[in-house]
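Letter by letter, the chains look like this.
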Amino acid sequence: MNAEPRPYAPISCEFHDLLETRATTRAVSAVVFRNDAGDVERRDAVITDVYARDGREFLVLGTGETFRLDRLLEIDGEKLADY
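Residues numbered from 1 in each chain as written. Predicted model: local features only at pLDDT ≥ 70, side-chain atom pairs only at ≥ 80, totals over all residues. Heavy atoms only, no water.

**A short note on the sheet that holds strand E4 (residues 66-68)**
To summarise the sheet geometry, strands pair through backbone hydrogen bonds and adopt either a parallel or an antiparallel arrangement. Here is the rule: When DSSP finds two or more bridges between a pair of strands, those strands are recorded as paired. Helix numbering and strand numbering both begin at the N terminus, where a helix is a DSSP run of H or I of at least 4 residues and a strand a DSSP run of E of at least 2.
Read across the open sheet, the 6 strands follow the order E4-E3-E2-E1-E5-E6; overall the sheet is antiparallel. Where the open sheet ends on each side, the last strands, each with one partner, are E4 and strand E6 (78-79). In the sheet, strand E3 (residues 56-61) pairs with E4 via 3 bridges, with the strands oriented antiparallel. Note on E4: the bridge partner recorded for Val60 is Thr66.

Written as structure tokens, this is what we have:
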């Protein structure tokens, strides 16, 4: 994980529940997020964990990548902005 230049912004509880459900089912999900440079990326991967540390929440993919939940844009077509 890289140092984050901006403060963490918590995501909605409903979207967090969606992530937890995807992690439980271990199904491949289409994950769209902003990388450290601010560019949009997409991964088709299993969500293996959702956890909190030091007041921030993180998503872990089966690819081994970990990033903050406030970098998410959408999961399987469900847009964070709609929650």
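What follows picks up the thread again.
**With respect to the packing of aromatic side chains**
To be explicit about the condition: Classification of ring pairs rests on two measures: the distance between centres of Phe, Tyr or Trp rings, Trp counted by its six-membered ring, which must be within 6.5 Å, and the angle between planes, read as stacked under 30 degrees, edge-to-face over 60 and tilted in between. Per-residue accessibility, obtained with a 1.4 Å probe over protein chains only, is compared with the maximum for each type, and a residue is labelled buried under 20%, exposed over 50%, and partly exposed between these values.
Scanning all chains against the criterion turns up 3 aromatic pairs. Taken together, a centroid distance of 5.1 Å and an interplanar angle of 70° make the contact between Phe15 and Tyr83 edge-to-face. Separated by 68 residues along the polypeptide, Phe15 in helix H1 (residues 13-25) and Tyr83 in the segment after E6 bring together distant segments of the chain. Residues Phe33 and Phe67 carry aromatic rings whose centres are separated by 4.2 Å and whose planes lie at 15° to one another, so their mutual orientation is stacked. With a gap of 34 residues between them, Phe33 in strand E1 (residues 28-34) and Phe67 in strand E4 connect regions that are remote in the sequence. Like Phe33, the residue Phe67 is buried in the burial classification.

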